[in-house]
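Fold and geometry: a report
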Amino acid sequence: MAFNEHPRRIIRNFIPVQVCKELEFIHKSNCTVGYRPNVFSTTLSHLIATNCAHLIMPFIPIREKLKEKVEEVFDCEYELFVEFTGLISWNKGASIGWHSDDNRPYLKQRDFTAVCYLNSYGQDFTGGMFHFQDGEPANYLPMAGDLVVYSADNHNIHCVDEITDGERLTLTLWFSRNSSFDEDAKLVSLLAQSNLDNESASCIPLPAPSNMYWFSLDQDFDNQRGYDICLARLFFLGFDIYTTQGRTCISEKHLIESSDVLIKPLKLAREDKLYGREFANLLHALQVVQFYVWKRPILQISEDTMDSGTITLLSEEQKEVVRELRSVFLTANQLDNTIFCDSSPGKSREFHFDWACFSVAETSLEEYTLELHKQFLMHLPFWKDYRSLFSVCSSVIEE
Ligand SMILES: O=C(O)CCC(=O)C(=O)O
Ligand SMILES: [Fe+2]
């Protein structure tokens, strides 16, 4: 198709809303502090590195569909390689001024950009409008499922307004004509080195180094003012953590050593209740919570869903631990000022919560994980052979 000086296209409803929600779950349970202030990202290599390679599966069909679309729109069938795939969220305060996406010497390989919007202006965030400097269309207001594609060069100089509330989420891909920047080859090497390729792999998330989850409130990274984003998400949704790990006794007063509490087993509490199940680490607990948030509208609770011993009342001593952990990691004042603070209704910690439903979510997440891991194991040999990530139809796998 012929373009004027500005090769670009806006395609409405390109990906189904259910897929947007699934990617949101993956992002909110795995993201790390990103490359710009108040921006968080989840890359495929990060999922592999944190024992969650099975979570690559939901990306595979979308990546293929996106590549085909970009090749069709810009008339370059079979010429492109995916250079980067990432979920990127822009939180309150984030913005980006006029730029082209290939505007650094180390980004020159980028030929095209595809941005899929996973949530909506007005509903999930405010601010965050997208503008092109010249040509038409000039402005775009993000809506879940939409796709914006454009050439990464200076024919498409663009910017994003500051996010004023909430969390704006996208799936962003860059494409290159240069095969040496093919992301797939690198991902397949990572997969080959990892030991995720056996059926008994646990698929329990293993946290990356803690600085990757540390949101610093100061420009100066040496300063400790800030918070762990995984914990902030949990607190914001109304959960607390409980663990006796890391408690040290100093002249009869217990004190919590913050350093490695988050990578050790812990339990979840809410108001005056303690959930009996122990999670492997904070990331594991967050994954169950985000799965609950995602699936809550459709989870079925039956009479025998949860045995009565699963939930207990917090004792006074346990309450003290919970309070202490909260104060070590995040003060009340900080919580109200985290970038997760979102004034839109239904997003706050006051959302309707049910432990029985939560326990169903936990089982349901195990089934979801098992199914994705099975799919992943079926695909891996093909990916290794072709040094490329693609969907293999089940009839081929069965042969
Ligand atoms: O999220 C968007 O709308 C575009 C972001 C952007 O311009 C970039 O990441 O380079
Ligand atoms: Fe950009």
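Rules used in this analysis
Residues numbered from 1 in each chain as written. Chains lettered and ligands numbered in written order. Predicted model: local features only at pLDDT ≥ 70, side-chain atom pairs only at ≥ 80, totals over all residues. Heavy atoms only, no water. UniProt positions renumbered as here; feature names shortened; annotations may be inferred. Donors = N, O, S within 2.8 Å, 3.2 Å for Na, K, Ca; no water. Helix = DSSP H or I, 4+ residues; strand = E, 2+ residues; numbered from the N terminus. Buried < 20%, exposed > 50% of the residue type's maximum accessible area, 1.4 Å probe, protein only. Near = heavy atom within 4 Å. Polar contact = N/O pair within 3.5 Å; in protein donor to acceptor, adjacent residues only side chain to side chain. Areas by Shrake-Rupley, 256 points an atom, 1.4 Å probe, with all protein chains shown as cover. Disulfide = S-S within 2.5 Å. Pairing = 2+ DSSP bridges. Axes fitted to C-alpha atoms, helices over the stretch in contact; angles between N-to-C directions. Parallel < 35°, antiparallel > 145°, perpendicular 65-115°, else oblique. Left-handed = near helix turned anticlockwise from the far one by under 90°. Contact = heavy atoms within 4.5 Å. Salt bridge = Lys/Arg side-chain N within 4 Å of Asp/Glu carboxyl O. Expected span 1.5 Å × (residues − 1). Phe/Tyr/Trp six-rings, centres within 6.5 Å; stacked < 30°, edge-to-face > 60°. Lys NZ or Arg CZ within 6 Å of the ring centre and 35° of its normal.

The protein goes by Fe2OG dioxygenase domain-containing protein in an unreviewed UniProt entry, where it is assigned to Spinacia oleracea. Here the protein is described in UniProt, under the heading Sequence similarities (unreviewed entry), as follows: "Belongs to the iron/ascorbate-dependent oxidoreductase family."

Brief notes about the coordination of the iron ion (ligand 2)
Those donors, His-99 (NE2), Asp-101 (OD) and His-158 (NE2), are the protein atoms that reach the iron ion (ligand 2), and they lie 2.1 Å from it. Every donor residue of the iron ion (ligand 2) comes from the same chain, spaced as H-x1-D-x56-H. You can see Asp-101 sitting in the loop between β5 (96-99) and β6 (112-117) and its partner His-158 sitting in strand β11 (residues 158-160), a full 57 residues away along the chain. Looking at Asp-101, the relative accessible area reads 6%, which means it is buried.

Quick notes on the site of ligand 1
The environment of ligand 1 is formed by Tyr-35, Trp-90, His-99, Asp-101, Tyr-117, Phe-130, His-158, Val-160, Arg-168, Thr-170 and Trp-174. Asp-101 is positioned with one of its side-chain polar atoms (N or O) 3.1 Å from an oxygen atom of ligand 1. In isolation ligand 1 offers 300 Å² of accessible surface; the protein chains occlude 96% of this area. Broken down by secondary-structure element, the contributors of at least two residues to the shell around ligand 1 are β11 and β12 (163-176).

Some words on the state of the cysteines
With the rule as written, the count across this model stands at zero disulfides. We note that Cys-203 lacks a disulfide partner, and the nearest cysteine sulfur, in Cys-52, lies 7.5 Å from it.

A word on the sheet that holds strand β19 (residues 273-275)
The strands that make up a sheet pair up through hydrogen bonds in the backbone, lying either parallel or antiparallel. Taken together, four strands build an open sheet; the order of strands is β15-β18-β19-β20 and the sheet is antiparallel. Since the sheet does not close on itself, it has two edges, and those belong to β15 (240-242) and β20 (311-313), each with one partner. Here the strands of the sheet are splayed against their neighbours by 35° on average, with no regard to which way each runs. Where β19 lies against β20, three bridges are found, and the strand directions are antiparallel. In the sheet register, Tyr-275 faces β20, and the bridge partner there is Ile-311.

Considerations on the packing of helix α1 (residues 17-30) against helix α6 (residues 282-295)
In the contact formed by α1 and α6, the axes pass within 9 Å of each other and the chain directions differ by 155°. Looking at the two axes, α1 sits roughly antiparallel to α6. Between α1 and α6 the crossing geometry is right-handed. Touching Lys-21, Glu-22, Phe-25, Lys-28 and Ser-29 of α1 are Leu-283, Leu-286, Gln-287, Gln-290, Phe-291 and Trp-294, all from α6.

Comments concerning the pattern of salt bridges
Applying the stated rule across the entire model yields 15 salt bridges. Here Arg-63 ties to Asp-184 by a salt bridge, and the two come within 2.7 Å at their closest N and O atoms. Pair noted here: Arg-63 is in helix α3 (residues 59-73) and Asp-184 is in helix α4 (residues 183-193), with a separation of 121 residues, a long-range link. Grouping residues by exposure puts Arg-63 and Asp-184 together as buried. A salt bridge links Asp-240 to Arg-326; the shortest N-O distance between them is 2.8 Å.

Re α6
Every α-helix carries 3.6 residues per turn, so stepping three or four residues along brings you back to the same face. For α6, which comprises 14 residues, the first-to-last C-alpha distance of 20 Å matches the rise-based estimate of 20 Å (1.5 Å per residue) to within 8%. The buried fraction of α6 amounts to 13 of the 14 residues, a majority that puts the element mostly inside the structure. Residue Asn-281 occupies the N-cap position of α6, its side-chain oxygen lying 3.0 Å from the main-chain nitrogen of Leu-283.

Focus on the packing of aromatic side chains
In total, this model carries 28 aromatic pairs according to the counting rule given. Relative to Trp-294, the ring of Phe-291 has its centre 5.4 Å away and its plane inclined at 90°; by these criteria the two rings are edge-to-face. With Phe-291 and Trp-294 both in helix α6, this residue pair falls three residues apart, about one helical turn. Each member of the pair Phe-291 and Trp-294 is classed as buried. Grouped by ring-pair contacts, the aromatic residues Phe-239, Tyr-275, Phe-279, Tyr-292, Phe-353, Trp-355 and Phe-358 constitute a single cluster. Above the face of the Phe-239 ring, Arg-270 is positioned so that its terminal group lies 4.7 Å from the ring centre. Looking at Arg-270, its charged tip hangs above the ring of Phe-353, at a distance of 4.2 Å from the centre.

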